Structure formats: structure tokens, C-alpha cells
Amino acid sequence: MMLSMLRKSWVRTLAVAVALLVWLAVGGVGGMAQGRLAQVQTNDAAAFLPSSAESTRAAEASRDLVDTQTLPALVVLAPADGGQVTPDQLDAVREVAAAVPDRPVPDGDGTWGDRLTGDVVPVPAEDGEAVLVAVPLDADAAEERVGEERLSTLLVEDLRDLLAEDLGATAGTAGDLGLNAWVTGPAGFVTDLGAAFAGIDGLLLLVALGAVLLILVVVYRSPFLPLVVIVTAVFALALAGLVVYELAANDVLVLNGQSQGILSILVVGASVDYALLLVARHREELGRHAHPADALRRAWRRSLEPILASAGTVVAGVLCLLLSQLGSNRSLGPVAAIGIGAAVLSALTLLPALLLVAGRRSRVLFWPRVPQHATATPAPATHGAHAAPADDALDAAGLWSRWARWVGRHARPVWVATGVGLLVLAAFLPTLRAGGTSQTDVFLTPVDSVAGEEVLADHFPAGAVQPATVVVDEADVDAVVAAAQDVPGVASAAPYTGAPAGAPGGDAPPVVVDGRARVDVVTEAPSDSQEAVDVVADLRTAVHDVAPQALVGGAAAETLDTQLAGERDLRVIVPVVLAVILLILVVLLRSVAAGLLLMAANVLSFAAALGVAAIVFDVLDLPDADPTVPLYGFVFLVALGVDYTIFLMTRVREESLAHGTRAGIVRGLAVTGGVITSAGLVLATTFAALAVIPLLFLAQIAFIVALGVLIDTFVVRSLLVPGLVHDIGPRTWWPSALSRRPEHGAHAAVDDAGKVAAGGTR
């Protein structure tokens, strides 16, 4: 007997050591990979469009009509006093422009002239109050990397340094010449976007982990357990980062900044949630078992089903994004699924090893509230394969025990009032504006590219730098030009003659290749604005009326196609997510009725969250959201919201097998209330941390998901679902055998002492 126990102890010690060593190796390699994720990001919206999109086909058709594709950086300069550009100022700008091609590429080979597709020439505005210098960077070269930076980023940063050094000109300083300068255009926007996403690896994780740590300290009131849980989350993130980095580096999936940010938040939130559930069960079992290993073994087994069910629900939900037409959405599905998988592995392998690292003395991790083994407590009775939970589930006079009894006594008024309240909030859902966001509205803090775009629009034809392009048969050129000129919001339309964008082509003939030509259409609004997108939508209609085979492309057309794809994804993916998660709930709970009830409750919760978001965004006067905002909100809120209901209802089913449905929902709510509330607070906090990245999209997602999780935690799981299940009773489990099991009396109720009493609900 003693030899068997000794052998068992050695095996357990070896298993703990192996698990810790494996995870240390994962952390070492994965930590480095996590830090390099920015190197494999792609933030160009055009790269995510499907090959069937009209703008994609137009870009492909245009390649034969131009020598090279460019990603221009636009330098805009204007006198600080708002007056005319003087000859001396113009001469100084010409000198700086002439120096650009000969400047060496920072930390790279050769000069900028080797990567440019044309001359760098200053162009004064017609009003004489600004100067534009277009720096035409080769689009293929722009994606090259020098060290950890893309070449386009290095060019923009070098231009900003050059302007500051030679002219003393920046957005905020005018220098001796009295000129302000901005670097904008496509290259400028990509650089500023990358700078905003750069906070993901540092500031975002620091804020998220710090906030979670504070919550865990309050929850556990222990100096050790919060650190154990945080370590579990950090190593899960390292594993997820390692897998995602390798897949992105080998072009298996496309990673962008928003996906990386969501990955970090999702892994931290999910890891901590699963850890909270396992630790809570472990604390329960420590009171029933003398050795921490025996307690953990039982807690692990009882936590396995809800954790795997929860993770499976989220994975199934996010993988529905594979149905998206946009590469950014499609890639987020596997990225998020990998993150959830890493969270589960960490919670089920690393966390148990950490909880047993001190062997028989592992209870000390709970200090100063160390759970003691109650030697006099009888072993729980069993009903077949299902062990009945201890009878002390409601005996405690804690907050959640009192709350559960109160909900049990007022079940119908509770769920009716809660449902009506959520319906009122959901009524504001149609007022949510999600028609698309201008590129200048993406940033929540002042950036050089946005300020420069505004100056550019004040002094130059706003859409001339990136005109809409129409690829047509040579015979249809004149008809297309005439149709385009009649579209409201179009400034000009002319055949492409080989001259730079926005420059007059004179009497030169149009460029024709294989019977195809291109018409450049300049919009009055900047090409990266929502106004230009709306004009291009009208342009397509007008052009297709006279030339059905014409292809309309350009920057505004790419934005339009992205928005159309987002709207299509919302219509297609939402029903699929609902069907998949409903199927999982029905199989997990062995009940069609319970699956439908829980799904309806979570959809109502999502609608209420979007309704509140619509009100808040309108009060704050935020720009219209992108169509992917409600899509991401739906996928994450429904999948994650069902999580907490799964945690609750799996325990309720366990309790119902021993005590009946009405007593089971009260007991289940009392036992899981604390841990699920803590998990909800953690997940809401981690998603709210996304708001530290100064981008509109992430701020809106952060608000919607954080609010929705709080509604799920404190309203749906604490009031609506318990009230409904208690009111419906055993029929909740239809058509399983549990639905036909009689209650204790006609209607089981829970009295103030926490015991099951016959009678009716009070």
C-alpha cells in the first residue's frame, strides 16, 4: 500500500515537472514569436478583398496599362500664417524634393531613387497657398522589409525627418521658413496605422494584464493565486503567438493589426475564465479531500466538460468567419480559434501543474483563506454516474445564495421584467449607423496623415491623387467619359494617357493595350472619404449602363467593395453562427427546449448591447461604424455570452439530476454565481482594454463586447435565464428523460433556509 502510494507520488511529481518544463520551452520560443507578430502583419484593405470583387478585377486589368503600380507618399506644405507661398519657400521645397532620390535608405541598400517610379516634383496649388510633393514609391518595393520595418514606413519616417531637419517644417512647427509640413497619402496612412497597432504588444497587454490582476486580487484575496492565473494566461498567449506567427510567416493565413489585438485580448480573457472555473472547483474539492492532488483530480474531471463545451462553442462560432468574403475576417476565425485552443491547453495542463507545484503543501497557494479538509463531511451520494453535489450548496449565507433564493421566489416577475428591459434597449438597434468609415475617421487621436489630408483637400483637387479608374473597351471610352461626367460628385473624367494621376494629359492619345483603355475619374471628395465611396457607387451604376463590361476600381472602389462584402458577411454568417451554436447547446444539454431558450436569451442580450451602443455612439457623435463592427460584435458576444450560460446550465443539469429542476437552478446559480461573475468581469475588462489602441474600429468593438459581456453576466445569466428555467420547470429539458422527472411536490420551491420545500413558487 505504501509502495503504491510512493510510486503514485513519484509519477505525479514527474508529470508536474514535465508539464512545467514543456511550458517553459513554449514560453521561451513563443514569447519571441509574439514579439515578432507585427512583422507578418498586412494592413492594406485591398489585400483582403476577394478576387471576384470588381475593384480587384479592375486593378488586375489595369496592370497592363501602366508601367508600374505606386504607393505614393504625399508631402503637403503650407505657410504657417495662412498666406501665399513665397518664391524663397518654393525654392527651398524644390531643393528638398531634389534631394529625396539621392538619400540612402535607412539601414538598407541603395537610395530612395532605386525604389521610386518617377520624379519628385513640387506642384504649387492654384490658390498659391500650398505645395504638393508626390513621392511615387514602387508598390512592390513598398512591401519589402528592412529589419523589422516595411520600406513604405521607412520612407514616410525619412521624409518627416528630412522636412524637420532641412526646413524645420512639421505639423506643429514652421521653422525659419515659416512652413508647416505633413506626410499623407496612402503611404502616410499605412505608416500611421502601423504606429497605432504598435501598441498591441506593449500598452494593450500591460493594461489588460494589469486590470485582470487587480480583479483577481480582489476575487481571491491572495497574493499567490492571481499570479498563478496570470502566468497561465501569459504562457497561453505565447503558445498562440508561436502558432499564428508560423502560419502567417508561411502565408497560410493573413494577419492584420486588429486580428492581433483581438487575439491577445481573447487569449488572456479566455485563459483567466477557464482558470477561474477550475480553481473554484478545486477550492470546493479541497474541503472534501485530504491531498490537493485528489481534490484537483476530481475538480479537473468535473470542470472538463464545461470548459471544453465553452471552448468548442467559441471555436465553432469564430470559425464561421471562414465564410466571409474578406480575407481579414476569414483569417480572424482561425486566429481566434488558435487562441482559444491555447487557452484551453494552458488551463488544463499548465494550471494544474502550478496548483500542485508545492505537493501536499499546495493549499498554501490559497493563503490567507486556505480551504481546510473537513474530515467529518460524508462522501456525497451518487445517482448512477452522476455524483450529487454536497448539500451545503445553499446552506451558506453568502450573497449568491441569497440572490438565488430571491430569484427562485420571484421567478416570473424577474424574467418578465428583465426581458422587457432588454427588449426596450434592443429597440434602438436599428439606429446603429454602420454604413462605413472614412479613412480619416479611423484614428481617434491626431495623426500627421489625417491632418495632411485635410490641408490637401483645402488646396488641391481632393480626388486627383487617387482617382477612380474605369477599365473599358476602346470603343466605349467616349461613352464612359460622358456618363462619368454626369455623375454628381465627379470633378472630371478623362482617358489615361500615361501622365501621372491628376496631371493634364494634353492632346496625347489614350493608352490602349489589347483593345482596352482606362478612364481616370476624379471625385470632388478625397478618395479615402465616405463621400467618395458613395460617388463611386453611383459611378458604377452610370458606367455599367453604357458599358456593361467596364470595371470600376481605385481606392474608393476598394473601400466600397470592402463595405459591400461586410454587409454580405453579416447576412450570411449570422444565421450560420446561430445554427451552429444552437446545435452545440442542444447536444450538450440534451434538450431542444433549453437550447432554444438559451439562444434566444443571448440574441436578445446582443441586440440590447447594440442598442445601447447606438445610443452612446450617437451621443458621443462618433463616425459611422464599419459593417464588420456588428459582425464581430455578434460573433464574439453570442459565442462568449453562451459561455457563461454553459457554465451555469451544465451545473444546473448536474444539480437537477439529484434535486429536481427548480431546486437545481437555484442551487446552480448559488454555487456558480461568484466564479461566473468574476469571469465576466475579467473578460469585459480585457476587451475594454482594446480601447487603449487609438482606432475607431477597436474602440467600438471594445465597447460593444465589454458591455455585452456585462449584460450576459449580470442580467442574462443572473436573472433572465434562472427566472425562465425556474418558471418553466422540468419542461426546460424537453425531450430528454429529465423533463419527465417529477419535482419535489407539484412545484419545488426553495425556502429561506435554503431547503427544498413542496408547495409552489412564492
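The following refers to the structure shown.

Cut-offs and rules
- Residues numbered from 1 in each chain as written.
- Predicted model: local features only at pLDDT ≥ 70, side-chain atom pairs only at ≥ 80, totals over all residues.
- Heavy atoms only, no water.
- Helix = DSSP H or I, 4+ residues; strand = E, 2+ residues; numbered from the N terminus.
- Buried < 20%, exposed > 50% of the residue type's maximum accessible area, 1.4 Å probe, protein only.
- Contact = heavy atoms within 4.5 Å.
- Lys, Arg positive; Asp, Glu negative; His and termini not counted.
- Charge placed at Lys NZ, Arg CZ, Asp CG, Glu CD.
- Axes fitted to C-alpha atoms, helices over the stretch in contact; angles between N-to-C directions.
- Parallel < 35°, antiparallel > 145°, perpendicular 65-115°, else oblique.
- Left-handed = near helix turned anticlockwise from the far one by under 90°.
- Nonpolar A, V, L, I, M, F, W, Y, C, P; charged D, E, K, R; others polar.
- Salt bridge = Lys/Arg side-chain N within 4 Å of Asp/Glu carboxyl O.
- Core = buried A, V, L, I, M, F, W, Y, C linked by side-chain atoms within 4.5 Å.
- Phe/Tyr/Trp six-rings, centres within 6.5 Å; stacked < 30°, edge-to-face > 60°.
- Expected span 1.5 Å × (residues − 1).
- Pairing = 2+ DSSP bridges.

All right, on to the overall build of the protein chain then. Scanning the protein chain from terminus to terminus reveals 21 helices and 15 strands. With the C-alpha coordinates of the protein chain rotated into their principal frame, the extents come out at 100 × 55 × 50 Å. By residue count, 54% of the 762 residues in the protein chain fall in the buried class. Here the analysis covers contacts within the protein chain between residues at least 6 apart in sequence; of these, 79% occur between residues at least 24 apart. Taken as two groups, the 46 positive and 76 negative side-chain charges of the protein chain have centres that lie 29 Å from each other.

Close contact between helix H10 (residues 292–319) and helix H19 (residues 628–659) brings their axes to 9 Å; oriented N to C, the two are set at 155°. The angle between H10 and H19 places the two elements in the roughly antiparallel class. Handedness of the crossing formed by H10 with H19: right-handed. Contacts between H10 and H19 pair Arg302, Pro306, Ala309, Ser310, Thr313, Val314, Gly317 and Val318 from the former with Val635, Phe636, Ala639, Leu640, Val642, Asp643, Ile646, Phe647, Thr650 and Glu654 from the latter. Classifying every residue of the contact of H10 with H19 by side-chain character gives eleven nonpolar, four polar and three charged.

The next point concerns the environment of Gly210. The residue Gly210 is located in helix H7 (residues 203–220) in this model. Each C-alpha atom, one on Gly210 and one on Ile230, is 9.5 Å from the other, the two residues being 20 residues apart in sequence.

Moving on: the pattern of salt bridges. Applying the stated criterion across every chain yields a total of 22 salt bridges. Here Glu285 ties to Arg288 by a salt bridge, and the two come within 3.1 Å at their closest N and O atoms. Residues joined by salt bridges that share partners form a network here, namely Glu284, Glu285, Arg288, Arg298, Arg651, Glu655 and Arg667.

A few words now on unusual backbone geometry. The residue after Trp367, namely Pro368, is reached through a cis peptide bond having omega 10°. Its location among the elements puts Pro368 in the loop between helix H11 (327–355) and strand E7 (382–383).

If you look at the biggest cluster of nonpolar residues, it comprises 163 residues, and the most contacted ones within it are Tyr274, Phe636, Met649, Phe687 and Leu690. Top element by residues in this core is H19. It accounts for 18 residues. In contact with Met649, other than residues within four places in its own chain, are Leu589, Leu598, Ile665, Val721, Val725, Thr732 and Trp733. Judged by nonpolar contacts, the second largest core, of 35 residues, contains Ala73, Leu116, Ala142 and Leu179.

Another aspect to go through is the packing of aromatic side chains. Aromatic ring pairs are described here by two measures, namely the spacing of the ring centres and the angle between the planes. Counted under the stated rule, the structure contains ten aromatic pairs. Taken together, a centroid distance of 6.3 Å and an interplanar angle of 45° make the contact between Phe224 and Trp367 tilted. Here the residue Phe224 occupies a position in the loop between H7 and helix H8 (225–249), and Trp367 occupies one in the loop between H11 and E7, the gap between them amounting to 143 residues. Classification of Phe224 by relative accessible area gives partly exposed; the value is 36%. Ring centres of Phe606 and Phe634 lie 5.0 Å apart, and the angle between their planes is 80°; on these two criteria the pair is classed as edge-to-face. Of this pair, Phe606 sits in helix H18 (residues 592–619) while Phe634 sits in helix H19, and the two are 28 residues apart along the sequence. Across this residue pair, the class does not change: Phe606 and Phe634 are buried.

Let's shift gears to helix H16 (residues 530–546). For H16, spanning 17 residues, the distance from its first C-alpha to its last is 25 Å, which sits close to the expected 24 Å at 1.5 Å a residue. Looking at H16, one finds that the buried residues are Gln530, Ala532, Val533, Val535, Val536, Leu539, Arg540, Ala542 and Val543.

Looking now at the packing of H18 against H19. Contact pair H18 / H19: the axes reach a minimum separation of 9 Å and the direction vectors enclose 135°. Classified by the angle between their axes, H18 and H19 sit oblique to one another. As for the relative orientation of H18 and H19, their crossing is right-handed in sense. Facing Leu598, Met599, Asn602, Phe606, Ala609 and Leu610 of H18, the residues of H19 in contact are Pro630, Gly633, Phe634, Leu637, Val638, Gly641, Val642, Thr645 and Met649. Its residues assigned to classes, the contact of H18 with H19 shows eleven nonpolar, four polar and no charged.

Across the eight residues of strand E3 (residues 131–138), seven count as buried, placing the element largely inside the fold. In this sheet, E3 lies alongside strand E1 (residues 70–79) in antiparallel orientation, the contact comprising eight bridges. Residue pairing for E3: Pro72 is matched across the bridge by Pro136. In this structure, strand E2 (residues 122–124) lies alongside E3, joined through three bridges in antiparallel fashion. If you follow Pro122 over to E3, its bridge partner there is Val133.

Moving on, we come to the environment of Ser62. Mapped onto the elements of the fold, Ser62 is located in helix H2 (residues 54–62). Considering only alpha carbons, one finds Ser62 and Gln89, 27 residues apart in sequence, at a separation of 38 Å.

Any functional reading would require information that these geometric values do not contain.
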